[in-house]
Amino acid sequence: MAETQKYELGGQGGIAVWTNLPEGVTLTLLNGAVGTVVANPHDGGYLLVEFHEHPDASKVGEEEYVFFNEVKSAEGGE
Amino acid sequence: MANLVRALGDYSLASYIDGENGTVSRELYVNSEIFEQEMEQIFQRCWLFLGHESQLPNPGDFIISRMGTEEVIVVRDRKDHKIRAFLNSCRHRGMKVCRYDEGNNLVFTCPYHAWTYDTKGKLVGAGFYNHPGAYTDTLPKEDWGLLEVGQFTNFYGSLWATWDPKAPSFEDYLGPFTHSLRHCLQSSDGEDNGLEFFRPFQRHRLPTNWKVPGFTSVTDLTHTAMTHRSAQAAGLHQDQGQGKDKPTKPFPQEKYAIGDHLLGHGGMCTFYNEPGVPEYTNEWFEPGVDDYFREATERKGSKLIDQIMAPHGWGGGHFAIFPAVMIDSWRLRWYHPHETGMTERWTLSGVDKNAPKAVKDAVRHYSERFNGPVGFFESDDMENWNYVWPASRGARARKANYFYANGLGHGVYDDRLPGVVVNGSYTEEAQRARFSRWLAFMQARSWDDLYPVNKSKTDRIW
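Residues numbered from 1 in each chain as written. Chains lettered and ligands numbered in written order. Predicted model: local features only at pLDDT ≥ 70, side-chain atom pairs only at ≥ 80, totals over all residues. Heavy atoms only, no water.

A.B. asks: Is there a simple way to explain the packing of helix H2 (residues 32-41) of chain B against helix H11 (residues 429-443) of chain B in this structure?
C.D. replies: A packed helix pair is summarised by two numbers, namely the angle formed by the two axes and the spacing between the axes. Residue and element names in this part refer to chain B. Remark: H2 packs on H11, axes separated minimally by 9 Å, with the N-to-C direction vectors making an angle of 80°. As judged from the angle between their axes, H2 and H11 are roughly perpendicular. Judged by residue contacts, Ile-34, Gln-37, Glu-38 and Gln-41 of H2 engage Trp-438, Phe-441, Met-442 and Gln-443 from H11. Grouping the constituent residues of the contact of H2 with H11 by class yields four nonpolar, three polar and one charged. (Axes fitted to C-alpha atoms, helices over the stretch in contact; angles between N-to-C directions. Helix = DSSP H or I, 4+ residues; strand = E, 2+ residues; numbered from the N terminus. Parallel < 35°, antiparallel > 145°, perpendicular 65-115°, else oblique. Contact = heavy atoms within 4.5 Å. Nonpolar A, V, L, I, M, F, W, Y, C, P; charged D, E, K, R; others polar.)

A.B. asks: Sorry if this is basic, but what is going on with helix H8 (residues 289-303) of chain B here?
C.D. replies: Along an α-helix, a turn takes 3.6 residues, which lines up residues three or four apart on a common side. All names here are of chain B. Between its first and last C-alpha, H8 extends 21 Å over 15 residues, near the 21 Å set by a 1.5 Å rise per residue. Inspection of H8 places Val-289, Asp-290, Tyr-292, Phe-293, Ala-296, Thr-297, Lys-300 and Gly-301 among the buried residues, and these make up the whole buried set. Take H8 and look down its axis: the buried residues cluster within an arc of 170°, on one side only. Where H8 is buried, its residues meet helix H4 (178-184), strand S20 (342-352) and helix H9 (357-371). (Expected span 1.5 Å × (residues − 1). Buried < 20%, exposed > 50% of the residue type's maximum accessible area, 1.4 Å probe, protein only. Arc of directions from axis to C-beta.)

A.B. asks: Would you mind going over the layout of surface pockets with me for this structure?
C.D. replies: Here the idea is plain: a probe the size of a water molecule rolls over the atoms and shows the empty space left. Its volume calculated, the second largest pocket comes out at about 900 Å³. Along the wall of the second largest pocket there are 36 residues; nearest its centre are Glu-63, Glu-64 and Tyr-65 of chain A together with Val-124 and Lys-141 of chain B. Among the secondary structure elements, those contributing two or more residues to the lining of the second largest pocket are strand S4 (46-53) and strand S5 (63-67) of chain A together with strand S10 (123-125) of chain B. Partitioning the lining of the second largest pocket into residue classes produces 15 nonpolar, seven polar and 14 charged. (1 Å grid on protein atoms, 1.4 Å probe; cavity = no way out; pocket = protein on both sides within 12 Å on 5 of 7 lines; lining within 4 Å. Points joined across faces, edges and corners; volume = space filled by probe spheres on them.)

A.B. asks: I keep staring at the packing of aromatic side chains and nothing clicks. Help me out?
C.D. replies: Here the distance between the centres and the angle between the planes together describe a pair of aromatic rings. All names here are of chain B. All told, the structure shown has 35 aromatic pairs over all chains when counted by the stated rule. With a centroid separation of 5.1 Å and an interplanar angle of 75°, the aromatic rings of Tyr-292 and Phe-293 are classed as edge-to-face. A residue is classified by how much of its surface remains accessible, and Tyr-292, at 15% relative accessible area, is buried. In this structure Phe-293 comes out as buried when scored by relative accessible area, which is 4%. Within the aromatic cluster, the residues linked to one another by ring pairs are Tyr-29, Phe-43, Tyr-173, Trp-210, Phe-215, Phe-322, Tyr-402, Tyr-404, Phe-435, Phe-441 and Trp-447. Seen from the ring of Trp-346, Arg-203 lies directly overhead, with NZ or CZ sitting 4.5 Å from the centre. Here the basic side chain of Arg-416 rests over the ring of Phe-271, its NZ or CZ set 4.2 Å away from the ring centre. (Phe/Tyr/Trp six-rings, centres within 6.5 Å; stacked < 30°, edge-to-face > 60°. Lys NZ or Arg CZ within 6 Å of the ring centre and 35° of its normal.)

A.B. asks: Before we go on, may I ask you to explain the sheet that holds strand S1 (residues 17-18) of chain B in this structure?
C.D. replies: Residue and element names in this part refer to chain B. Strand order in the open sheet formed by three strands is S1-S2-S21, and the pairing between neighbours is antiparallel. Edge strands, defined here as strands with exactly one partner in the open sheet, are S1 and strand S21 (401-403). Relative to strand S2 (residues 23-25), S1 runs antiparallel, the two being bridged by two bridges. Paired with Asp-18 across the two strands is Thr-23, which belongs to S2. (Pairing = 2+ DSSP bridges.)

A.B. asks: When you look at helix H1 (residues 11-19) of chain A in this model, what are you seeing that I'm missing?
C.D. replies: All names here are of chain A. Burial in H1 covers these residues: Gly-14, Trp-18 and Thr-19. Looking straight down H1, one finds that the buried residues subtend no more than 130° of arc, so they occupy a single side. For H1, the elements touching its buried residues are strand S2 (26-29), S4, S5 and strand S6 (71-75).

Printed below as a string of structure tokens:
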């Protein structure tokens with residue numbers, strides 16, 4: 001079974017990793033929300049994410065632009 | 001803003017234009033306070049040309065255009081596919097949110113504090129927006145989207161906007177020129193919205209006032225003989241049917257200089273007196289191109305077999321929409337003021353969107369020969385426009401007036417274009433009409449003073 005890819009978002013290299021994260025990657029946010037990257041504007045700041053889990057239940061299934069400093073981890077996809 | 005000019009002394013705006021003697025003060029071109037007043041009272045109110053929908057074929061496509069001295073983002077939304085226009089200025093601190101001329105975007109992210117806007121202009125994010133120690137409940141995103149134009153319209157593929165939500169509809173703004181503009185946006189076979197425009201388009205920066213080219217480069221027939229003499233000698237027009245195949249049956253038509261003193265539009269105009277279209281007579285260097293256009297012209301003729309074509313200018317257009325758009329021969333040119341003495345001229349060159357590649361290539365090559373950086377005609381014109389500025393703005397020079405009396409007093413009204421003054425083709429009727437409307441805009445407090453135009457209290461000052 002293939003190991004789930006984890007993306008290192010910290011340090012200098014993390015900026016380029018974030019900027020180029022592909023669609024399908026799962027993000028876990030600092031507030032506990034979990035979602036999938038559905039689009040990347042490649043602006044180095046944001047990713048468009050569809051939430052599967054969210055502390056605010058009304059946001060589950062919704063898409064929102066997530067800023068890089070709201071994210072705890074990124075994994076999976078591809 | 002209407003009081004700005006009064007600081008200069010005892011001049012009133014109307015005193016700068018001598019309608020009786022047909023002169024215009026050079027102050028209108030060189031005075032920076034008048035320029036600022038123009039930006040407020042003309043470019044904030046008028047319908048301005050932004051571009052063509054063929055520049056934005058896909059969801060997320062955008063172009064940067066201009067309205068007066070300001071940049072606007074023209075973008076096709078990713079979801080509803082509508083085209084909208086927004087000021088290119090972040091609502092937070094005013095930074096440009098887009099610094100590319102064109103492209104395809106998900107969002108426009110401000111590089112300053114990461115306020116980010118979607119393709120509907122809605123604020124969808126701000127740096128630290130969700131941080132517990134930041135904006136908490138103080139930034140209602142729905143109130144802080146990009147500033148959208150007051151009105152926007154897609155007129156047969158051409159995109160226009162005004163900042164003023166109280167401006168009349170675009171068709172009312174065009175008045176009798178509505179059909180002429182529609183005609184210019186048709187393909188050679190007469191299909192509406194039949195053109196596409198080459199990308200990237202051409203830009204020239206001119207060290208001159210915007211009115212130098214904007215008010216004089218249409219219907220300025222007297223300049224051609226001397227200014228373009230060298231280009232004529234080079235035979236650049238040979239491929240456009242000058243002097244070769246003459247029509248075997250001359251099509252009944254009349255050519256004039258025309259000016260709408262109430263709305264400000266005007267230019268060269270051809271009135272057609274019979275249904276149908278003139279016979280195709282051009283000659284292109286490239287093989288097959290004449291066959292395409294001859295067949296297209298025949299198709300157009302069959303569509304207009306019982307209709308008289310809308311009046312339009314020579315070569316397909318050659319008229320101006322107030323304040324600063326010129327349309328001729330598949331080209332839309334518009335003049336963007338940057339400063340009192342700095343103007344950018346943009347040129348969109350079009351071609352039938354359904355034409356074969358060989359035809360599109362031939363038209364593009366022709367456009368480049370004509371307009372391009374190494375083209376002939378436009379560099380001729382720009383040489384004049386550029387030297388007008390330094391030779392007109394000095395302390396002595398600016399006290400003199402420009403002569404605009406060519407044909408003064410000889411214009412007549414013509415029922416074929418109601419309200420429009422028709423004059424000899426070498427006269428300056430169209431320029432005078434633009435100054436009539438210029439003065440009306442500069443004096444008006446709002447659109448209530450500008451439209452509907454009061455025909456009994458004519459704005460003709462000449």
